[in-house]
Amino acid sequence: MKVVLFAPPIMDDFFWGEPQPIAMDAVRECPPYGVYLLQAVLRRAGFDAIVADLIAAGTARIDQFAPEIDDCGLVGIAATSMSWPTAVKVIEQVRSLRPDVPIVLGGIHPTMFDHYIMNAFPVDFIIRGEGEIAIEALCVALDREIGFEDVPNLTWRHKDGNICRNPIGPKIAKTQLADFPLPDFSEIPLNVYKSLSIESSRGCAFDCSFCSTSYRQTWRGMPADAFLDRLETLMSYTYRTQHDFIHIIDDEFSMNPKRVLQMIELFRERDLRPELVYDSRATDLLYDGFVSQVAEYTSQFLVGAEAGYDAGLDLIGKGTTTQILEDAARLLYRHNLSERADFSFVLGFPWETKAEVLKTCQFASHLFSTYGVRILLQWYCQIPGSRLWEEDRGKGLVNESMYNSFGFFRDLYLFRSGVKLSPSEIRDISTAVIGLKTVSKLKYGERPMVEYGHPEPIALYFPQEIHDGQGGLQNLREVSHGGEKRPMREVLESRPPKQASMERPLRHIGV
């Protein structure tokens, strides 16, 4: 049986234009590891699996893969919440070409909303959570035309129309993660991706309130030697990338610093010199010897700082403090690693006032100016899966149907349901950050050391040309009174008490 696996990119239609890749998929950071991994799993099981890499192609159109769809027995589509609108377009096109072919969805977004998606979209199956074992079991069931009751993690529709949800199977153990075959990156297009992707661990030990990644509080790290075996094999394909980098896609590569130091020892024993990109926690950087040992293998890494004041870090549940963040930045500076470090901060958490956001900006500015780390300032976005989002869903403020179409990240309602600051307050913050970017250019030239974007919903619906408190009803009053500016209170107080409600019947506008 042939299986076609789609990797849809994060895209935007920019108000009904042709969808274009955005965010990380605009720069094609690394291949979609999960989809290529499932391809390898199915090929090992004897199935003809093909990856339809729309991220590499930079499109939502599936035309080039139409011949493969014509004779396949299953179409798989992986989706995060950010790429879900593109996945919807892929579903529509597949159904136009093959109304009969079974479609299975996977990824965090279908996992969260399987019941809704099964009822709202023409799909047949959803694999919830880890897919390595489930996808093979599903293909076997389809190929042999047997029932689906024993496929773990599967949501499917019974012939009577009812939706069935099979039990979730055991999580893949850390010692089993390396048992699955490596993705075959010999087939990725040359010089399209910046780096190759690899997994050394799965999940995160924490559960930050704003985080929407999978497998929180369930961190599982491969043994160091097993990971090195996989890494060494993968390095033979780095020539196909732009920079020869290896992107470790773990939520937190440094979650167990001792394990990473074991890897460093093996790098030296095997004379391997990978150039690594990864995410790290500030607390882990302070582990004795970690920074000094990992420095020579580090190309770039991200530290999720999130907030610049301790009360905010407590509310997030990050398990860190501003002192720890500064100590980490200072240590990186001492080891000449600070310029390869990105410290990311989130602005506008639901509880934050303008003063608290400015505290974060000021702290980020201090880290940048004192220790030379690059800082990323991004506004809070209502993405499904976090505890904050789930609280708002419970209040009826957001729901999963709001993410079916392109452009939800620039939707004013979604933005303001999360960020409580006024447009004028946000504009003041943007002005302050622009000043910081100007200072960074004086010191570093065109090298971008401060990344920031004024939030698009505010830019679209509250542009700079609008001045608060001017125009509107005030202009109408001015016209009504022949240029005499009268405060609204004065106008109302000048009228007889009952005249406002009794003078004439109410009329509908335009009637």
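To keep things clear, this report deals only with the structure shown in the data block. (Residues numbered from 1 in each chain as written. Predicted model: local features only at pLDDT ≥ 70, side-chain atom pairs only at ≥ 80, totals over all residues. Heavy atoms only, no water.)

**Digging into the overall build of the chain**
Rules: In DSSP terms, a helix is any run of H or I states spanning at least four residues, a strand is any run of E spanning at least two, and both are numbered starting from the N terminus. Here the accessible surface of atoms and residues is derived via Shrake-Rupley with a 1.4 Å probe, and residues count as covered only by protein chains that are part of the display.
Counting its regular elements, the chain contains 22 helices and 18 strands. With the C-alpha coordinates aligned to their principal axes, the bounding extent of the chain is approximately 85 × 65 × 35 Å. When the accessible surface of the chain is summed, it comes to about 23900 Å², and 52% of that surface belongs to carbon and sulfur atoms.

**Concerning the packing of aromatic side chains**
The line we're drawing: By convention, a stacked pair of Phe, Tyr or Trp rings (six-membered ring in the case of Trp) has centres within 6.5 Å and planes under 30 degrees apart, an edge-to-face pair has planes over 60 apart, and any other such pair is tilted. A 1.4 Å probe rolled over the protein chains alone gives each residue an accessible area, and that area as a share of the maximum for its type sets the label: buried under 20%, exposed over 50%, partly exposed in between. For a ring to carry a charge above it, either NZ of a lysine or CZ of an arginine must fall within 6 Å of the ring centroid while also lying within 35 degrees of the normal to the ring plane.
All chains considered together, the criterion is met by 20 aromatic pairs. With 4.9 Å between their ring centres and 5° between their planes, Phe349 and Trp351 make a pair best called stacked. The buried category is assigned to Phe349, whose relative accessible area is 0%. Note on Trp379 and Phe415: the rings are 6.3 Å apart at their centroids and 65° apart in plane angle, and the pair reads as edge-to-face. Within this pair, whereas Trp379 is found in strand 17 (residues 374-379), its partner Phe415 is found in helix 17 (residues 412-418), the two being separated by 36 residues in sequence. Taken together, the ring pairs in this structure connect Phe113, Trp389, Tyr403, Phe408 and Phe409 into an aromatic cluster. Sitting over the face of the ring of Tyr215, Arg220 holds its NZ or CZ atom 5.4 Å from the ring centroid.

**What about the layout of surface pockets?**
Note the following rule: Points on a 1 Å grid over protein atoms alone make up a cavity when a 1.4 Å probe fits among them but cannot get out, and a pocket when they form an open set with protein on both sides within 12 Å along at least five of seven lines; lining residues each have an atom within 4 Å of a point. Grid points are joined across faces, edges and corners, and a volume is the space filled by probe spheres set on the points. Three classes are used, and their members are as follows: Ala, Val, Leu, Ile, Met, Phe, Trp, Tyr, Cys and Pro are nonpolar, Asp, Glu, Lys and Arg are charged, and the others, Gly among them, are polar.
For the second largest pocket, the calculated volume is near 150 Å³. Forming the boundary of the second largest pocket are 14 residues, of which Tyr36, Val51, Asp53, Glu187 and Pro189 lie nearest the centre. For the lining of the second largest pocket, the element with the highest residue contribution is strand 4 (residues 48-53), accounting for four residues. The residue makeup of the lining of the second largest pocket, split by class, is nine nonpolar, two polar and three charged.

**Considering the sheet that holds strand 16 (residues 341-347)**
Backbone-to-backbone hydrogen bonds join strands into a sheet, with any given pair of strands oriented parallel or antiparallel. Worth spelling out the cut-off: In this description, strands pair whenever DSSP reports at least two bridges between them. Every angle, taken between N-to-C directions, lies between 0 and 180 degrees, and every axis is a line fitted to C-alpha atoms, over only the stretch in contact when it is a helix. Pairs of residues are marked as contacts when any of their non-hydrogen atoms sit within 4.5 Å.
Ordered by their spatial adjacency, seven strands build an open sheet running 10-13-14-15-16-17-18, and the pairing between neighbours is parallel. Of all the strands in the sheet, the pair left with one neighbour each is strand 10 (195-198) and strand 18 (450-452). Recorded for the sheet is a direction-independent mean angle of 20° between the axes of neighbouring strands. With respect to the sheet, helix 15 (residues 354-371) is in contact with strand 15 (298-306), strand 16, strand 17 and strand 18, its orientation differing from that of strand 16 by roughly 170°.

**Brief notes about the sheet that holds strand 6 (residues 103-106)**
The strand order across the open sheet formed by seven strands is 4-1-5-6-7-8-9, and the pairing between neighbours is mixed. Taken across any chain shown, the strands that pair with only one partner, and hence form the sheet edges, are strand 4 and strand 9 (163-165). The mean inter-strand angle of the sheet, taken between neighbouring strand axes irrespective of direction, is 20°. Strand direction decides the pairing type here: strand 1 (residues 2-7) and strand 4, joined by six bridges, are parallel. Bridging from a neighbouring strand, Phe6 pairs with Ala52 of strand 4. Its contacts with the sheet place helix 2 (residues 33-44) against strand 1, strand 4 and strand 5 (74-78), and it is angled at close to 165° to strand 4. Most of the contacts of helix 5 (residues 84-97) go to strand 6, to which it runs at about 170°, and overall it touches strand 1, strand 5 and strand 6.

**Focus: the nonpolar core**
So the rule is basically this: Residues enter a nonpolar core if they are buried and are Ala, Val, Leu, Ile, Met, Phe, Trp, Tyr or Cys, with the set joined through side-chain atoms within 4.5 Å.
Membership of the largest hydrophobic core comes to 107 residues, with the highest contact counts inside it found for Leu138, Phe343, Phe345 and Trp379. Per-element accounting of this core gives the leading share, seven residues, to helix 15. Excluding residues within four positions of it along the chain, Phe343 makes contact with Val303, Ala305, Leu325, Ala329, Leu332, Leu367, Val373, Arg374, Ile375 and Leu376. If you look at the next biggest cluster of nonpolar residues, it comprises 32 residues, including Leu54, Val101, Ile103 and Met118.

**Brief notes about the packing of helix 15 against helix 18 (residues 423-444)**
Spelled out, the test is: Roughly parallel here means an angle under 35 degrees, roughly antiparallel means over 145, roughly perpendicular means 65 to 115, and every remaining angle is called oblique.
Two numbers describe how helix 15 lies on helix 18: the axes approach to 10 Å, and their chain directions differ by 5°. By the angle between their axes, helix 15 is roughly parallel relative to helix 18. The segment helix 15 lies against helix 18, with Lys354, Val357, Leu358, Cys361, Ser365, Phe368 and Ser369 engaging Glu425, Asp428, Ile429, Val433, Leu436, Ser440, Lys443 and Tyr444. Class assignment for the residues of the contact of helix 15 with helix 18 results in eight nonpolar, three polar and four charged.

**Looking at the environment of Asp143**
Within the secondary structure layout, Asp143 lies in helix 8 (residues 132-144). A residue is classified by how much of its surface remains accessible, and Asp143, at 44% relative accessible area, is partly exposed. Distance in space between the C-alpha atoms of Asp143 and Pro122 is 21 Å, their sequence separation being 21 residues. Ignoring sequence-local partners within four residues, the contact set of Asp143 consists of Met1 and Phe47.

**Considerations on the side chain of Asp114**
Tracing the sequence through the fold places Asp114 in helix 7 (residues 114-120). Leave out the neighbours within four places in its chain, and Asp114 touches Ile126, Arg128, Thr155 and Arg165.

Taken by themselves, the reported measurements are silent on function.
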